[in-house]
Amino acid sequence: MILDLDIGNTLSKWRLKDAESSEIRSRGAVWTREEWRPGADIPDLDVVEAVRISSVARAAVLEETVALLRRRVRHVHVAHSTHEALGVVNGYEEPGRLGVDRWMGALAGYQLAGGCCAVDCGSAITIDFVLPGGSHLGGFIIPGLRLMKESLKLGTRNVAIDPESEADELLEPGRRTVDAVNHGIYMAAVSAINRIYSEVCDQQGVALPMLLTGGDARVVSRGVQVPHAVWPDMVYGGLEACFPMTFAERAGKMSGAPRVPEPVSLEKIRAGLAFSMLL
Ligand SMILES: Nc1ncnc2c1ncn2[C@@H]1O[C@H](COP(=O)(O)OP(=O)(O)O)[C@@H](O)[C@H]1O
Ligand SMILES: CC(C)(COP(=O)(O)O)[C@@H](O)C(=O)NCCC(=O)O
Ligand SMILES: [K+]
């Protein structure tokens, strides 16, 4: 089995992938913390022959995790943000400082769709752009839904947005604090994504397919008007592309990759932008 680990600021996600069949056998998530203690929510390492890790947690968390895994598993691969990989050139002045989850998402998006806009809705919402030739432009970082809510300190932190709620409801004015906050942060997130996408496509003169991932991707997806696909395993897709192990991976296949969404024309994007400026 291959153990893929995506350690975020909030949650450490894992999945076990069969090295022979490329099937995903199990998956889970635990709160990101200093140590991995064996327990019901942690995979059994006895069946693991290789690990691939993307981590944006504090260095100590990664070091502890890697030290523990190296005692039990032969192959441990840790992803890093580099100047160039798989045809993508990192847009950061200091490439190593780009969050490796963003880099994995950008690489996966490029491998799937060519140029793309990769959006990761986790603790932070990150919006990264890669042009069709492989040039990563950099991106945007805003607080994620939960962080925005906590920063208001209005006592609404424990009332999460119902992931099943419809965008229409979430975009109405709230008539209680908790709704005013939930609808406000939702509007902030989806309007930022819509606007940033249009601005950058306009600047670059290209309509890019958008891919969405992260813990809040599904609910955010409902409010994003830009045609897009939700790809929960996008960060894992970057790990697969960087460290291919299975037959399917060596052939360039990434698990759970969606169909590439067809972007609307650049003219439409520009018309939408011009219209929003007039209001
Ligand atoms: N079951 C869940 N447990 C915790 N957070 C969840 C859950 N479902 C959705 N979320 C949302 O997803 C976010 C975490 O998403 P994730 O992509 O794992 O973030 P990160 O990579 O920063 O750890 C939380 O901030 C929260 O808003
Ligand atoms: C921006 C992030 C905090 C997002 O992390 P996440 O929400 O996935 O936990 C992470 O990618 C990070 O720590 N990046 C380093 C700074 C940068 O990318 O510029
Ligand atoms: K994120």
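It should be emphasised that the depicted structure is a prediction, and the values quoted were computed from it without experimental measurement.

Let us look at the domain arrangement of the chain. Each assigned domain of the chain is listed with its residue range as follows: domain 1 (2-78) and domain 2 (84-278). For domain 1 versus domain 2, the distance between C-alpha centres works out to 24 Å. Looking at the side of domain 1 that touches domain 2, the elements that each hand over two or more residues are strand E1 (2-7), strand E2 (11-17) and strand E4 (50-55). Here the side of domain 1 that touches domain 2 gets four residues from one element, more than from any other, and that element is E4.

Right, let's get into the environment of asparagine 158. Here asparagine 158 shows up in the loop between helix H3 (145-152) and helix H4 (167-170). What makes asparagine 158 exposed here is the crowd of 7 C-beta atoms within 10 Å.

A word on the pairing of strand E3 (residues 24-31). Where E2 and E3 come together, seven bridges link them in antiparallel fashion. Each residue of the ladder has a partner; that of serine 12, found in E3, is valine 30. Joining the antiparallel neighbours E2 and E3 is a turn of six residues, in which serine 22 adopts a positive phi near 70°.

What surrounds ligand 1 is a group of 13 residues, the closest being Gly8, Thr10, Gly122, Ser123 and Gly215. Those elements that place two or more of their residues in the shell around ligand 1 are E2 and H3. Considering only residue class, the shell around ligand 1 consists of two nonpolar, eight polar and three charged.

What follows covers the UniProt feature "active site" (unreviewed entry) in the chain. When the UniProt feature table is mapped onto this chain, "active site" (unreviewed entry) is found at Asp101. Tracing the sequence through the fold places aspartate 101 in helix H2 (residues 100-113). Taking the C-beta count within 10 Å as the criterion, aspartate 101 has 26 such neighbours and is therefore assigned buried. Setting aside residues up to four positions removed in sequence, aspartate 101 forms contacts with Asp6, Gly8, Ser54, Val56, Asp120 and Val235.

What follows concerns the UniProt feature "binding site: substrate" (unreviewed entry) in the chain. The UniProt entry lists Tyr92, Gly99, Val100, Asp101, Arg102 and Thr177 under the feature "binding site: substrate" (unreviewed entry), expressed in the numbering used here. Spatially, the listed residues are scattered: they cover 86 residues, and their C-alpha atoms lie as much as 39.4 Å apart. Considering the arrangement of structural elements, one finds tyrosine 92 in the loop between strand E7 (88-89) and H2. The class of tyrosine 92 is partly exposed, set by 17 C-beta atoms lying within 10 Å. Counting through the fold element by element, threonine 177 comes out in helix H5 (residues 177-204).

Rules used throughout
- Along each chain, the written sequence defines residue order, and numbers are assigned to residues from 1.
- Following the order in which they are written, the chains are lettered starting with A and the ligands numbered starting with 1.
- For this predicted model, a pLDDT threshold of at least 70 governs which residues receive local features, and a threshold of 80 or more governs which side-chain atom pairs are given and counted, while totals over whole chains, interfaces and linings are taken from all residues.
- Where a domain begins and ends is set by an automatic assignment or by a domain database.
- Strands are runs of DSSP state E lasting at least 2 residues, helices are runs of H or I lasting at least 4, and numbering of each runs from the N terminus.
- Partly exposed residues are those whose C-beta has more than 12 but fewer than 20 other C-beta atoms within 10 Å; 20 or more makes a residue buried and 12 or fewer makes it exposed, with C-beta atoms placed from the backbone.
- Any two strands are treated as partners once DSSP identifies two or more bridges connecting them.
- Each residue receives a C-beta atom placed from its backbone. It is near a molecule or strand if this atom lies within 6 Å of it.
- Three classes are used, and their members are as follows: Ala, Val, Leu, Ile, Met, Phe, Trp, Tyr, Cys and Pro are nonpolar, Asp, Glu, Lys and Arg are charged, and the others, Gly among them, are polar.
- UniProt positions are given in the numbering used here, feature names are shortened, and annotations may be inferred rather than shown by experiment.
- Our contact criterion uses C-beta atoms placed from the backbone: two residues qualify when those atoms are within 7 Å.

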